[in-house]
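For reference, the chains in residue letters:
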Amino acid sequence: MTQDEMKKAAGWAALDYVKKGSIVGVGTGSTVNHFIDALETRKEEIQGAVSSSVASTKRLEEIGIPVLDANEVSSLDIYVDGADEINGEYDMIKGGGAALTREKIVAAIAKQFICIVDDTKQVDVLGQFPLPVEVIPMARSFIGRELVKLGGDPVYREGVVTDNGNIILDVHNMKITKPKELEEQINALPGVVTVGLFAHRGADVLLMGSREGVKKFEK
């Protein structure tokens, strides 16, 4: 089974959590694209979706699923999204696709976060994948200096502008042993929109595609 086949298996497995008549929170990325393909088979049963990115919105609309603004819903039953890394506590690094802020907003609205990944994304300690931080452009240099003080090596993601009009700093060489604490420290810096640590709002369910099939873990 290839990595993409493992992603596809996880994406389709998330369809079991979609309730009839619900509005579904939909994330961003290659694994989520497989979930969107699966969701097309149930599109007549749901009211619509709340999307975390322009790219996912376009894909949903192309297959005929109505996309609602997050301000139009009070809550979502589920939010389905991938992760760049996930540890044993279901804390995650997200933001490889630069949609971390909107992903964090939709995750906050949802009652249940369904994380879909292939097994290459599972780690013991977060930090091998560079930690994305969305930053207001005028704060780039200041935030970079502060991230160095926290032990990281920030690199400006050249040529990338987020859906919110901001920039991304990717923080390398961090061994993240206290994800919740680090999330709070970085989010408190003036000019940070959000950090791609999903620890305070981690996953509730992990669907992990592997060569042996989809493995399911729940908190």
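Structure: above.
Now for a look at the structure at hand. All residue numbers refer to positions counted from 1 along the written sequence of the respective chain. Selection of residues for local features in this predicted model requires a pLDDT of at least 70, selection of side-chain atom pairs for listing and counting requires 80 or more, and totals for whole chains, interfaces and linings are taken over all residues. To obtain the side-chain values, all non-hydrogen atoms of the structure were used and water was disregarded.

The numbering of helices and of strands both runs from the N terminus, where a helix is a DSSP run of H or I of at least 4 residues and a strand a run of E of at least 2. A count of helices and strands for the protein chain gives six helices and 13 strands. A radius of gyration in this sense is built from C-alpha atoms; the matching globule rule multiplies 2.2 Å by the number of residues raised to 0.38. Here the protein chain has a C-alpha radius of gyration of 17 Å; the compact-globule value for 219 residues is 17 Å, and the two agree. Along the first, second and third principal axes, the C-alpha atoms of the protein chain reach 50 × 40 × 30 Å. Residue burial is assigned from relative accessible area. The probe radius is 1.4 Å, only protein chains are included, and a residue is buried under 20% of its type maximum, exposed over 50%, and partly exposed in between. Taken across its 219 residues, the protein chain has 53% of its residues classed as buried. Residues count as neighbours in contact if any of their non-hydrogen atoms are within 4.5 Å of one another. When contacts within the protein chain are restricted to residue pairs at least 6 apart in sequence, those whose partners lie at least 24 apart make up 72%.

Another aspect to go through is the sheet that holds strand S10 (residues 192-195). Strands qualify as paired when DSSP identifies two bridges or more between them. The four strands are arranged S8-S9-S7-S10 in an open sheet whose pairing can be described as antiparallel. A strand with exactly one partner marks an edge of an open sheet, and here the two such strands are strand S8 (153-156) and S10. Each strand axis lies, on average, 30 degrees off the axis of its neighbour in the sheet, ignoring direction. Structural elements are reduced to axes, namely lines fitted to C-alpha atoms, with helices fitted over the stretch in contact, and the angle between N-to-C directions of any two is expressed from 0 to 180 degrees. Relative to the sheet, helix H4 (residues 100-109) contacts strand S7 (131-135), strand S9 (167-172) and S10, its axis offset from that of S10 by approximately 70 degrees.

This paragraph deals with the pairing of strand S12 (residues 205-210). S12 sits mainly inside the fold: six of its six residues count as buried. Burial along S12 is two-sided: the face carrying Val205, Leu207 and Gly209 and the face carrying Leu206, Met208 and Ser210 are both buried. Two elements, strand S6 (residues 110-118) and S12, share five bridges in a ladder whose sense is parallel. In the strand pairing of S12, cysteine 115 is matched with leucine 206. Count of turn residues in the S12/strand S13 (residues 213-218) antiparallel hairpin: two residues.

Spatial strand order, S4-S5-S11: three strands in an open sheet with antiparallel pairing. Each having just a single partner strand, strand S4 (85-86) and strand S11 (197-198) make up the two edges of the open sheet. Across two bridges, strand S5 (residues 92-93) lies against S11 in antiparallel orientation. Of the residues in S11, the one forming a bridge with isoleucine 93 is leucine 197.

In this analysis the probe radius is 1.4 Å and the grid spacing 1 Å, with only protein atoms considered; a cavity is a set of points the probe fits into but cannot get out of, a pocket is an open set with protein on both sides within 12 Å along at least five of seven lines, and lining residues have an atom within 4 Å of a point. Grid points are joined across faces, edges and corners, and a volume is the space filled by probe spheres set on the points. Considering only enclosed or pocket space, the largest pocket measures out at about 240 Å³ in volume. Among the secondary structure elements, those contributing two or more residues to the lining of the largest pocket are helix H2 (30-40) and S6. By residue number, the principal contributor to the lining of the largest pocket is S6, which donates three residues. What the second largest pocket holds in volume is close to 170 Å³.

What follows deals with a nonpolar patch on the surface. A patch consists of residues exposed above 30% relative accessible area that lack any salt bridge, with like charges linked at up to 9 Å and nonpolar side chains (Val, Leu, Ile, Met, Phe, Trp, Tyr) linked at up to 5 Å. What sets the accessible areas is the Shrake-Rupley method with a 1.4 Å probe; for residues, cover comes only from the shown protein chains. Criterion for a salt bridge: a side-chain nitrogen of Lys or Arg within 4 Å of a carboxyl oxygen of Asp or Glu. A cluster of nonpolar side chains, Ile136, Met138 and Val193, forms an exposed patch at the surface whose accessible area comes to about 310 Å². By secondary structure assignment, the location of methionine 138 is in the loop between S7 and helix H5 (140-149).

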